[in-house]
Amino acid sequence: MPKVTVLLPVYNSEKYIKESIDSIIAQSFTDWDMLILNEYGSSEKCTEIVKEYEKKDARIRVIQNTKRLGLAESLNLGMREATGEYIARMDADDISRKDRFQKEVDFLDCHPNVVVVGSYQHHFGVDIDWIHKPATEPAQCKCNAVFFCDLCHSTLMLRKSIFIENDLYYDNTYLAEDFELWSRVIDFGDIANITEVLGEYRVGEDNITLEKKSKLHLESGRIVAKTLKRTIGLDLSDDESVLFDNWKNDYFEIKDKNKKKEAYRSLKNILIRIYEKNREVNFFDDYALLRSIRAKWAWARGGEPFNRMVDVDGGIESIFRIKYPNPYINRFYYFWKENKGIKAKVKKIFKKIKELF
């Protein structure tokens, strides 16, 4: 049996699938097999490519779906078919660094309480060049999983036995099947991230449509509410759960000043309730939860990146005394600060202007 089984779902993925598979074949850690989950109706070209890899490398097996399963059920099929001790996730347009598997296997071998390990991830594409740095410590990962999907999916390696024994499968009733799954995983073990870039995420026109992003936004608050109910026994009404929709910042779009103040007041009250309820049941680490609450408030109030973790001094009330600059300026500042791609584009524009004059 291999140490690692790679799950690679594909659908009309002929554009970048070779780069993705080649990055797995090039891994310094070689004790792996790969299940390529070819969706029903996938293009002939994509199917030809993955079949060629199956012929060339005995570690690669193509599973051809005989009906349309969708991403969640394809991954569930792969989890059931996997024979490895660990399961590595991979996407058809992303790339794994050569030492990814070795470092993740070593980490899981040395940390038996960790159920999921990931890493930092480089985002690249047209005018895109930045590094997603999710939380690394298990206590912080656990708290962050309440509010946002702060994990890089195609860098993750899972401890298979925990998932199978506890029926931790993807739920196909959610579009954010990954966020919903990680929100349940925190009941059964730790999540951690390695502080290195071990994966490359390609940002392009095919990633997420505006329609899908809108649906993801509307269901994200419901996932947050479900997690809070299950973990600390806090009930949120439908009106309260929408305050945690997180694929875009609804607070910035409220034009009426009084309505905006009321929305922030409601969010503040719920965040305090979350903190106080957790102090009764002690499901989350107290200080890590404070940092996650601060991150949620700073995202809603000031447009800060959701995964920007800042130390909290002075307790829960100190979080709400922070004064933020104009959120639109703040968002631009962080976008400019983190995205080397847009900086490079601006430099090119100025260079061309100089050449004209």
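Here, the structure is the one placed above.
Quick caveat: nothing in here was measured; it's all calculated off a predicted structure.

Draft legend 1. Expanded view of the overall build of the protein. The number of helices and strands found in the protein is 14 helices and nine strands. For the protein, the residues scored as buried account for 51% of the 357 residues in total. The long-range fraction of contacts in the protein, counting pairs at least 24 apart against all pairs at least 6 apart in sequence, stands at 77%. Here the protein displays about 17,700 Å² of accessible surface, and carbon together with sulfur accounts for 52% of that area.

Draft legend 2. Broad picture of the pattern of salt bridges. Scanning the entire structure with this criterion turns up 26 salt bridges. In this structure, the salt-bridge partner of Asp 99 is Lys 103, at a minimum N-O distance of 3.0 Å. By relative accessible area, which is 27% here, Asp 99 ends up partly exposed. Note that Glu 240 and Arg 273 form a salt bridge whose closest N and O atoms lie 3.0 Å from each other. On the criterion of sequence distance, the pair formed by Glu 240 in helix α9 (residues 238–241) and Arg 273 in helix α10 (residues 257–281) is long-range, its members being 33 residues apart. With relative accessibility at 21%, the residue Glu 240 sits in the partly exposed group. Three or more residues joined by partner-sharing salt bridges are found here, namely Lys 3, Glu 85 and Asp 109.

Draft legend 3. Seen up close, the environment of Glu 48. Within the secondary structure layout, Glu 48 lies in helix α2 (residues 44–56). The spatial distance from the C-alpha of Glu 48 to the C-alpha of Glu 14 is 9.0 Å, given a sequence separation of 34 residues.

Draft legend 4. Structural context of the pairing of strand β3 (residues 60–64). Strand direction decides the pairing type here: strand β2 (residues 32–38) and β3, joined by five bridges, are parallel. Each residue of the ladder has a partner; that of Asn 38, found in β3, is Gln 64. The parallel pair β2 and β3 is bridged by α2, and the resulting crossover is right-handed.

Draft legend 5. Layout of the nonpolar core. Grouped together as the largest cluster of nonpolar side chains are 68 residues, with contacts concentrated most on Phe 163, Trp 182, Phe 244 and Ile 274. With residues up to four places along the chain from it excluded, the contact list for Phe 244 reads Phe 147, Ser 220, Gly 221, Val 224, Leu 236, Leu 267, Ile 270, Leu 271, Ile 274 and Lys 296. Listed in part, the 31 residues of the second largest apolar core include Val 10, Met 34, Tyr 53 and Phe 107.

Draft legend 6. Looking closely at the state of the cysteines. In the structure shown here, the tally under the stated rule is zero disulfides. Cys 143 provides the cysteine sulfur closest to Cys 141, a residue in no disulfide bond, and the two sulfurs are 9.6 Å apart. Residue classification places Cys 143 among the buried positions, given a relative accessible area of 0%.

Draft legend 7. Quick peek at unusual backbone geometry. Residues other than glycine seldom take positive phi values, yet Asn 12 does so here, at roughly 50 degrees. Examined against the element boundaries, Asn 12 turns out to sit in the loop between β1 (4–10) and α1 (17–25). The residue Asn 282 is not glycine, and still its phi comes out positive at about 60 degrees. Residue classification places Asn 282 among the exposed positions, given a relative accessible area of 57%.

Definitions and limits used
- Residues numbered from 1 in each chain as written.
- Predicted model: local features only at pLDDT ≥ 70, side-chain atom pairs only at ≥ 80, totals over all residues.
- Heavy atoms only, no water.
- Helix = DSSP H or I, 4+ residues; strand = E, 2+ residues; numbered from the N terminus.
- Buried < 20%, exposed > 50% of the residue type's maximum accessible area, 1.4 Å probe, protein only.
- Contact = heavy atoms within 4.5 Å.
- Areas by Shrake-Rupley, 256 points an atom, 1.4 Å probe, with all protein chains shown as cover.
- Salt bridge = Lys/Arg side-chain N within 4 Å of Asp/Glu carboxyl O.
- Pairing = 2+ DSSP bridges.
- Right-handed = clockwise from strand over helix to strand, strands pointing away.
- Core = buried A, V, L, I, M, F, W, Y, C linked by side-chain atoms within 4.5 Å.
- Disulfide = S-S within 2.5 Å.

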